Amino acid sequence: MTYPEVLAAARECVGPYCKACPVCSGLACKNTVPGPGAKGLGTGAIRNYQKWQEICVNMDTICPNVPADTSVRLFGRDFALPVFAAPVGAVRLHYGDKHDDNSYNALLVPSCARAGITAFTGDGTDPAVFAAAAGTIAAAGGVGIPTVKPWDRDTLFEKLDQAKAANPIAVAMDIDAAGLPFLQGRTPPAGSKTVEELREVAAYAERPFILKGIMTVRGAEKAAQAGAAAIVVSNHGGRVLDQCPATAEVLAEIVDAVGDRLTVLVDGGIRSGMDVFKALALGAKGVLIGRPFVTAVYGGEAEGAAIYVEKLRSELADTMAMCGVHSIGEISRDCVRR
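Residues numbered from 1 in each chain as written. Predicted model: local features only at pLDDT ≥ 70, side-chain atom pairs only at ≥ 80, totals over all residues. Heavy atoms only, no water.

1. What to know about the overall build of the chain
Scanning the chain for helices and strands turns up 11 helices and 12 strands. Relative to a compact globule of 338 residues, whose C-alpha radius of gyration would be 20 Å, the chain shows 18 Å and is just as compact. In terms of principal-axis extent, the alpha carbons of the chain reach across some 60 × 45 × 40 Å. Residues counted as buried form 56% of the 338 residues belonging to the chain. Counting only contacts in the chain whose residues sit at least 6 apart along the sequence, the fraction spanning at least 24 positions is 72%. For the chain, the accessible area works out to roughly 13,300 Å², and carbon and sulfur atoms hold 53% of it. Taking the average location of the 33 positive side-chain charges in the chain and that of its 36 negative ones, the two points are 3 Å from each other. (Helix = DSSP H or I, 4+ residues; strand = E, 2+ residues; numbered from the N terminus. Rg over C-alpha atoms; globule rule 2.2 N^0.38 Å. Buried < 20%, exposed > 50% of the residue type's maximum accessible area, 1.4 Å probe, protein only. Contact = heavy atoms within 4.5 Å. Areas by Shrake-Rupley, 256 points an atom, 1.4 Å probe, with all protein chains shown as cover. Lys, Arg positive; Asp, Glu negative; His and termini not counted. Charge placed at Lys NZ, Arg CZ, Asp CG, Glu CD.)

2. As for the pattern of salt bridges
Throughout the structure, instances matching the rule amount to 13 salt bridges. As a salt-bridge pair, Arg313 and Glu310 come within 2.8 Å of each other at their nearest N and O atoms. Of the two residues, Arg313 and Glu310 both sit in helix α11 (residues 291–322), 3 residues apart, roughly one turn of that helix. Residue Arg313 is classed as partly exposed on the basis of its relative accessible area of 28%. One connected set of salt bridges, linked through shared partners, spans Glu221, Asp260 and Arg261. (Salt bridge = Lys/Arg side-chain N within 4 Å of Asp/Glu carboxyl O.)

3. Some thoughts on the sheet that holds strand β5 (residues 118–121)
Taken in spatial order, the 8 strands line up as β4-β5-β6-β7-β8-β9-β10-β11 and close into a barrel, and their pairing is parallel. On average, adjacent strands in this sheet sit at an angle of 30° to one another, irrespective of strand direction. Where strand β4 (residues 83–85) meets β5, 2 bridges bridge the pair, whose relative direction is parallel. In the strand pairing of β5, Phe84 is matched with Thr118. The strands that helix α8 (residues 217–225) touches are β8 (209–214) and β9 (230–233); relative to β8, the one it contacts most, it runs at about 165°. (Pairing = 2+ DSSP bridges. Axes fitted to C-alpha atoms, helices over the stretch in contact; angles between N-to-C directions.)

4. Concerning the packing of aromatic side chains
One pass over the structure, following the stated rule, counts 7 aromatic pairs. Residues Tyr3 and Tyr308 carry aromatic rings whose centres are separated by 5.5 Å and whose planes lie at 25° to one another, so their mutual orientation is stacked. Of the two residues, Tyr3 is situated in helix α1 (residues 3–11) and Tyr308 in helix α11; the sequence distance between them amounts to 305 residues. When sorted by exposure, Tyr3 lands in the same class as Tyr308, which is buried. (Phe/Tyr/Trp six-rings, centres within 6.5 Å; stacked < 30°, edge-to-face > 60°.)

5. Considerations on the nonpolar core
Core analysis: the largest hydrophobic core is formed by 109 residues, its most contacted members being Ile231, Leu251 and Phe293. The dominant element in this core, judged by the number of residues it contributes, is α11, at 13 residues. Among residues more than four places away in sequence, those in contact with Ile231 are Ile210, Leu211, Ile214, Ala220, Ala223, Ile254, Val258, Leu262, Thr263, Val264 and Leu265. (Core = buried A, V, L, I, M, F, W, Y, C linked by side-chain atoms within 4.5 Å.)

6. Things to note about the environment of Ile175
As for its placement among the helices and strands, Ile175 is situated in the loop between β7 (171–174) and α7 (195–205). When its relative accessible area of 15% is taken as the criterion, Ile175 is described as buried. Residues Ile175 and Ser192, 17 residues apart in the sequence, show an inter-C-alpha distance of 7.0 Å. With near-sequence residues (within four places) excluded, Ile175 lies in contact with Pro150, Lys193, Leu198, Leu211, Lys212, Gly213 and Ile214.

7. Some details on the side chain of Asp123
When you line up the elements, Asp123 lands in the loop between β5 and α5 (127–139). Classification of Asp123 by relative accessible area gives buried; the value is 4%. In terms of polar contacts, Asp123 uses its side chain to reach the backbone amide nitrogen of Lys149, at 3.1 Å. Those residues in contact with Asp123 that sit more than four places away from it in its chain are Phe130, Thr147, Val148, Lys149, Trp151 and Lys159. (Polar contact = N/O pair within 3.5 Å; in protein donor to acceptor, adjacent residues only side chain to side chain.)

8. Thoughts on the pairing of β5
Consecutive residues of a regular strand have side chains that alternate between opposite faces of the sheet. Neither face of β5 is left uncovered, since the one carrying Thr118 and Phe120 and the one carrying Ala119 and Thr121 both have all their residues buried. The parallel pair β5 and strand β6 (residues 145–148) is bridged by α5, and the resulting crossover is right-handed. (Right-handed = clockwise from strand over helix to strand, strands pointing away.)

9. Things to note about unusual backbone geometry
Cis peptide bonds are those with omega within 30 degrees of zero, and the linkage from Gly15 to Pro16 qualifies with 10°. Looking at where Pro16 falls in the secondary structure, it is placed in the loop between α1 and α2 (44–53). The omega torsion of the bond from Val33 to Pro34 falls at 5°, within 30 degrees of zero and hence cis. Note that Pro34 resides in the loop between α1 and α2. A positive phi angle, close to 50°, is found at Asn167, a residue other than glycine. Not every positive phi belongs to a glycine, and Glu301 is a case in point at roughly 50°. Looking at the element boundaries, Glu301 is found in helix α11. Judged by its relative accessible area of 36%, Glu301 falls in the partly exposed class.

Shown next, in the form of structure tokens:
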């Protein structure tokens with residue numbers, strides 16, 4: 001299959017909200033929740049995508065004619081490129097009946113591992129979802145990152161026990177999920193956490209702890225105080241708070257503040273290898289991509305995910321070569337124009 005064929009196949013089985021667009025820009029699914037759109041006016045996902053497009057790359061081909069190396073080492077592991085599949089939950093509700101969270105993760109996690117990257121897995125109100133995701137990661141040799149929501153302490157620790165049994169690369173929490181409507185007033189309870197509460201969680205994780213959902217320097221500083229090893233600059237794809245800045249708008253200032261202490265990752269509207277290059281140039285060590293992996297799996301199952309990873313790798317390598325850099329470490333802020 002080719003990537004356009006994967007998308008064409010996805011259009012036959014996703015919906016009614018997702019359109020499996022040629023570029024996942026947030027326009028066609030604006031303000032569809034349930035569905036892949038954003039909260040409120042629906043412009044959060046659109047802004048995330050658009051702000052990456054407003055950044056230009058600086059071409060420079062007076063350089064050695066050698067292949068670009070997209071590999072990177074993060075969390076003590078070597079990866080083929082600095083890309084992770086983002087955690088996605090409730091896929092049946094948002095994308096259609098072909099898959100549920102368990103079948104989606106069962107296809108995505110091993111496909112990403114074989115392609116040389118890794119997948120974050122999601123969480124939900126059904127405890128079986130997280131348990132199954134942990135089992136899928138364990139079956140993949142620990143090549144995965146289970147992501148827990150900000151539940152109450154007892155629920156968190158129970159889920160962290162399941163996560164640790166899978167021996168994953170790291171453990172994550174999407175702290176911004178405290179704003180998800182479906183978590184409000186539910187049992188078990190979920191919500192915001194203090195620095196002290198997060199410090200206890202980070203210690204209990206016993207492996208790199210990643211806090212996803214950081215959008216300010218102040219939040220990044222608090223994540224560092226809480227003992228996080230890494231953060232994901234993320235507004236949850238625009239799905240938890242309307243009229244937030246785009247992640248591309250706040251990434252550089254967060255990197256400048258905490259990049260010497262934390263591994264800074266970023267998500268939100270990143271769709272191509274060129275977008276990955278831009279994020280790395282602004283200081284991110286890696287990126288997470290969510291919605292396009294869903295349509296890749298719906299359209300091509302494990303093969304679809306692998307095809308999308310190869311598309312990203314090829315685009316990243318091409319951009320690197322045309323901008324005169326040949327390793328991930330050479331990408332710097334002067335490679336882009338804002």
